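Residues per chain, in single letters:
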Amino acid sequence: MEWRILSIEEISANWNKIFPEMQHACIMSGEKYTAEYFMDAATIGTANIWADEDVDNFILTDILDFPLKRFARVVLGMGKGLKSDSLFIPKFEKWAKENNCDGVLVEVQLS
């Protein structure tokens, strides 16, 4: 799969496709977040929604700033082909380095 960060316009255009998957992933992860939270966070630029080329699989990420370190974090993943995809993490690690992160945290619930 080829992964990319969706623009706000792409998120809006695909929201009816993204929302049910994201809501399910939020429920499966103990309801720490809501789909609306991630939409709002992506809109203001504090989180990213990544998608594959067909916009069938999604990964939610953000950046955490600690006093001494900065980490890129994978928060949720959703979609049918996600569990077998190994291409995302290397791309995400590269993106994290480009965004001055010291490392990557993967706290993901796959749904």
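For the structure, check the block above.
Note that the structure is a prediction, hence the values are computed from the model and not measured.

K.L.:
What am I meant to see in the pairing of strand 3 (residues 58-65) here?
P.N.:
Along a regular strand, successive side chains alternate from one face of the sheet to the other. Here five bridges tie strand 2 (residues 47-51) to strand 3, and the two strands are oriented antiparallel to one another. Across the sheet, the residue bridging to Ile49 is Leu60, located in strand 3. Linkage of strand 2 to strand 3, two consecutive antiparallel strands, is achieved through a turn of six residues, within which Val55 is found at a positive phi near 55 degrees. The sheet contact formed by strand 3 and strand 4 (residues 70-78) spans eight bridges and is antiparallel. Paired with Asp62 across the bridge in strand 4 is Arg73. Where strand 3 folds back on strand 4, the antiparallel hairpin that results is connected by four residues.

K.L.:
Help me out: how do you make sense of the packing of helix 2 (residues 15-28) against helix 3 (residues 35-44) in this one?
P.N.:
When two helices pack together, you describe them by how their axes are tilted relative to each other and by the distance separating the axes. Look at helix 2 against helix 3: their axes get within 8 Å of each other, and the N-to-C directions meet at 120 degrees. By the angle class used here, helix 2 and helix 3 are oblique. Of the residues in helix 3, those in contact with Trp15, Phe19, Met22, Gln23 and Cys26 of helix 2 are Ala35, Glu36, Phe38 and Met39.

K.L.:
In this structure, what is going on with unusual backbone geometry? I would like to understand it.
P.N.:
Only a minority of non-glycine residues have a phi that is not negative, and only a minority of peptide bonds are not trans. Of note, the phi angle at Glu31 is positive, near 55 degrees, even though the residue is not glycine. Within the fold, Glu31 resides in the loop between helix 2 and helix 3. We classify Glu31 as exposed; its relative accessible area is 60%. With a phi close to 60 degrees, Asn100 is a non-glycine residue in the positive phi region. If you trace the backbone, Asn100 turns up in the loop between helix 4 (88-98) and strand 5 (103-110). Asn100 sits in the exposed class, given a relative accessible area of 61%.

Rules used throughout
Residues numbered from 1 in each chain as written. Predicted model: local features only at pLDDT ≥ 70, side-chain atom pairs only at ≥ 80, totals over all residues. Heavy atoms only, no water. Pairing = 2+ DSSP bridges. Helix = DSSP H or I, 4+ residues; strand = E, 2+ residues; numbered from the N terminus. Axes fitted to C-alpha atoms, helices over the stretch in contact; angles between N-to-C directions. Parallel < 35°, antiparallel > 145°, perpendicular 65-115°, else oblique. Contact = heavy atoms within 4.5 Å. Buried < 20%, exposed > 50% of the residue type's maximum accessible area, 1.4 Å probe, protein only.

Everything listed is a geometric property; what it means functionally is a separate question.
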